[in-house]
Amino acid sequence: MRRMRYVLGIDIGSTNTAAAVARRNGTTWTRPEPVGLGADSHLVPSVLYLSEDGSLRVGEPPTDDGSRTTRDFVRRIGDDVPLLLGGEACAPQTLTAELAGWVVDRVHALEGAPAEAIVLSHPAGWRPYRRDLLHRALSDLGLRHVTLLPRTVTVAESHAARGFAGTTAAVYALGGNSFEAALVRRTPRGTYEGFGTPQGLDPIGGADFDEALATHVRTVLARELAAGARRGTQAALRGLRAECARVKRELTVDLTADVVVSLPGGPARIPVTRAQFEEMIRPTVQATVDLLLRTVHGADRTPAQLDAVLLAGGSARIPLVAELIGAAVAVPVEVQPDSQLTAATGAAMAACQVVSPRRPAPVGGPAPVREQAGPARAALPVPRRPHHDTPVPADPPPRPPVRILPLDLPKASRLALTLSRGREG
């Protein structure tokens, strides 16, 4: 069976990684659709761990051995201090490239062919030095034709694919452990570019909301349980953060939810209302909104000059977020149904433009309408990576290429070489 040609967008977030593909349909591209990276989810944790056999694996480890596990390494790119994994020093850009390579492998297995173009998002505040480090690490792994774009730009591209036709917007990206705010504007080609100075709060994000709820639950249990019963709760509370993350998601659509804790004497249910939860997180959310406003004013703009505020990130669907933004700016606030996938689908949309650059359009004109893609495909075993260093015969992308500086990087460690050869899914 003939496979459809496709492009790939990847977003490696602070807590989760997502990917999306868009397929060629004649002279157009289908709307990007997410790829199933996890066993039963479109997301996979942005976590790498070194197994006992020396291979690098993706996802949460089966044990609590922190010396063989690393996470949130994208944020560390550019630091002089390397990360330790299994006792070996490993550069964070190498780890990021390894995770990106794993995604490329998995999508190749699903699609049966390599992508025509790959776009990988990165934090909006990165300077050329960090981009060059990641680009060099990707090239060392055979991924020599990856376009790097700021996450806030790919977020705007995703909203445009769903019908946003504005010229200027603010992007509010609230991840698990990071927050970014930036301004974007539509270019004559119909693509988006950033302008002004991006701002960020790091580390701050949805994980703080989970911890705020977990603290509340611990306080309730300490108040309501007898002293003897409290002594047996420590082991039972190990999974509390994950349970609070579930309740956080439930409270985005319901007015009340129960945090369920399995105690030695039986399950305990701690009811939490949306109003209670929002009061716990209000100071943190307000801090992100204040930074969003400073980003707008720092570019000599006023909120009234924006066409919208575009939201992305797993916690962006919390009703309080849109409420506080809406109270601060009198423009539409847009969020997609699955906001964790927004940056990845936008990266896939940008990858379409790498292969098929748009012709210049009238400024302010509507974005082209994309066709709806079919259902996502089931996950398949991941083979070894094919060659991705064959150039795609196409015009250059409508953005400046990544500039490679003459960096004197240290030679790859024994660990890095082992990871490159022994990666498994």
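In the nomenclature of an unreviewed UniProt entry, the chain corresponds to Hsp70 family protein from the organism Micromonospora orduensis.

Caption draft 1: Molecular detail of the sheet that holds strand E8 (residues 69-71). Reading across the sheet, the three strands line up as E7-E6-E8 and stay open at both edges, with antiparallel pairing between neighbours. The sheet is open, and its two borders are formed by strand E7 (56-58) and E8, each paired with just one other strand. If you compare each strand with its neighbour and ignore which way they point, the axes differ by 25 degrees on average. Across three bridges, the pairing between strand E6 (residues 47-50) and E8 is antiparallel. Residue pairing in the sheet places Val47 in a bridge with Arg71 of E8.

Caption draft 2: Region of interest: unusual backbone geometry. At the junction of Asp202 and Pro203, the peptide bond is cis and its omega measures out at -5 degrees in the coordinates. For Asp72, which is not glycine, the phi dihedral falls at a positive 55 degrees. Asp72 gets classed as buried once you look at its relative accessible area, which sits at 14%. In this model, Asp300 sits at a positive phi of 60 degrees, which is unusual for a non-glycine residue.

Caption draft 3: Structural view of empty space enclosed by the protein. For the structure on display, the rule yields two cavities of 30 Å³ or more. Reported here for the second largest cavity is a volume of approximately 30 Å³. Residue lining of the second largest cavity: Ile12, Val74, Thr96, Leu120, Ser121, His122, Trp126 and Leu134, and that is the complete set. No other element matches the three residues that strand E11 (residues 118-122) contributes to the lining of the second largest cavity.

Caption draft 4: Region of interest: helix H3 (residues 151-161). Burial runs high along H3: eleven of the eleven residues are buried. Listed in full, the buried residues belonging to H3 are Arg151, Thr152, Val153, Thr154, Val155, Ala156, Glu157, Ser158, His159, Ala160 and Ala161. Directly after H3, the chain includes Gly163, whose backbone phi takes a positive value near 115 degrees.

Caption draft 5: Up close: the packing of helix H4 (residues 206-224) against helix H6 (residues 240-250). Viewed as axis vectors pointing N to C, H4 and H6 meet at an angle of 110 degrees, and their least axial separation amounts to 8 Å. When the axes of H4 and H6 are compared, the pair comes out roughly perpendicular. Across the interface between the two elements, Gly206, Ala207, Phe209, Asp210, Glu211, Leu213, Ala214, Val217 and Arg218 of H4 pack against Leu240, Arg241, Cys244, Ala245, Val247 and Lys248 of H6. Among the residues forming the contact of H4 with H6, the class breakdown is nine nonpolar, one polar and five charged.

Caption draft 6: View of the pairing of strand E13 (residues 168-174). In terms of burial, E13 is a largely internal element, seven of the seven residues being buried. Because side chains alternate across E13, one face comprises the buried residues Thr168, Ala170, Tyr172 and Leu174, and the other comprises Ala169, Val171 and Ala173, equally buried. Across seven bridges, the pairing between E13 and strand E14 (residues 179-186) is antiparallel. Within the sheet, the bridge partner assigned to Leu174 lies in E14 and is Phe179. The antiparallel pairing of E13 with E14 creates a hairpin that spans four residues between the two strands. As defined by bridge partners, E13 adjoins strand E18 (residues 308-312) across five bridges and the pair is classed as parallel. Bridging across to E18, Ala170 finds its partner in Val309.

Caption draft 7: Focus on the nonpolar core. Membership of the largest hydrophobic core comes to 45 residues, with the highest contact counts inside it found for Tyr172, Val259, Val285, Val309 and Ile325. Sort the elements by how many residues they give to this core and helix H7 (residues 274-298) lands first, with seven residues. With near-sequence residues (within four places) excluded, Tyr172 lies in contact with Phe179, Glu180, Val285, Thr288, Val289, Leu292, Val309, Leu310, Leu311, Ala312, Val321 and Ile325.

Caption draft 8: Layout of helix H9 (residues 342-355). Between its first and last C-alpha atoms H9 spans 21 Å; for 14 residues at 1.5 Å apiece the expected length is 20 Å, and the two agree. In terms of burial, H9 is a largely internal element, 14 of the 14 residues being buried.

Caption draft 9: Structural context of the packing of helix H1 (residues 92-111) against helix H2 (residues 128-140). The interhelical angle for the contact between H1 and H2, taken along N-to-C directions, is 55 degrees, at an axis separation of 8 Å. Taken together, H1 and H2 sit at an angle that is classed as oblique. In this structure, H1 meets H2 at a crossing whose hand is right-handed. Counted together, Gln93, Thr94, Thr96, Ala97 and Ala100 of H1 and Leu133, Leu134, Ala137 and Leu138 of H2 form the full contact between these two elements. Residues that form the contact of H1 with H2 fall into these classes: six nonpolar, three polar and no charged.

Cut-offs and rules
- Residues numbered from 1 in each chain as written.
- Predicted model: local features only at pLDDT ≥ 70, side-chain atom pairs only at ≥ 80, totals over all residues.
- Heavy atoms only, no water.
- Pairing = 2+ DSSP bridges.
- Helix = DSSP H or I, 4+ residues; strand = E, 2+ residues; numbered from the N terminus.
- Axes fitted to C-alpha atoms, helices over the stretch in contact; angles between N-to-C directions.
- Buried < 20%, exposed > 50% of the residue type's maximum accessible area, 1.4 Å probe, protein only.
- 1 Å grid on protein atoms, 1.4 Å probe; cavity = no way out; pocket = protein on both sides within 12 Å on 5 of 7 lines; lining within 4 Å.
- Points joined across faces, edges and corners; volume = space filled by probe spheres on them.
- Parallel < 35°, antiparallel > 145°, perpendicular 65-115°, else oblique.
- Contact = heavy atoms within 4.5 Å.
- Nonpolar A, V, L, I, M, F, W, Y, C, P; charged D, E, K, R; others polar.
- Core = buried A, V, L, I, M, F, W, Y, C linked by side-chain atoms within 4.5 Å.
- Expected span 1.5 Å × (residues − 1).
- Left-handed = near helix turned anticlockwise from the far one by under 90°.

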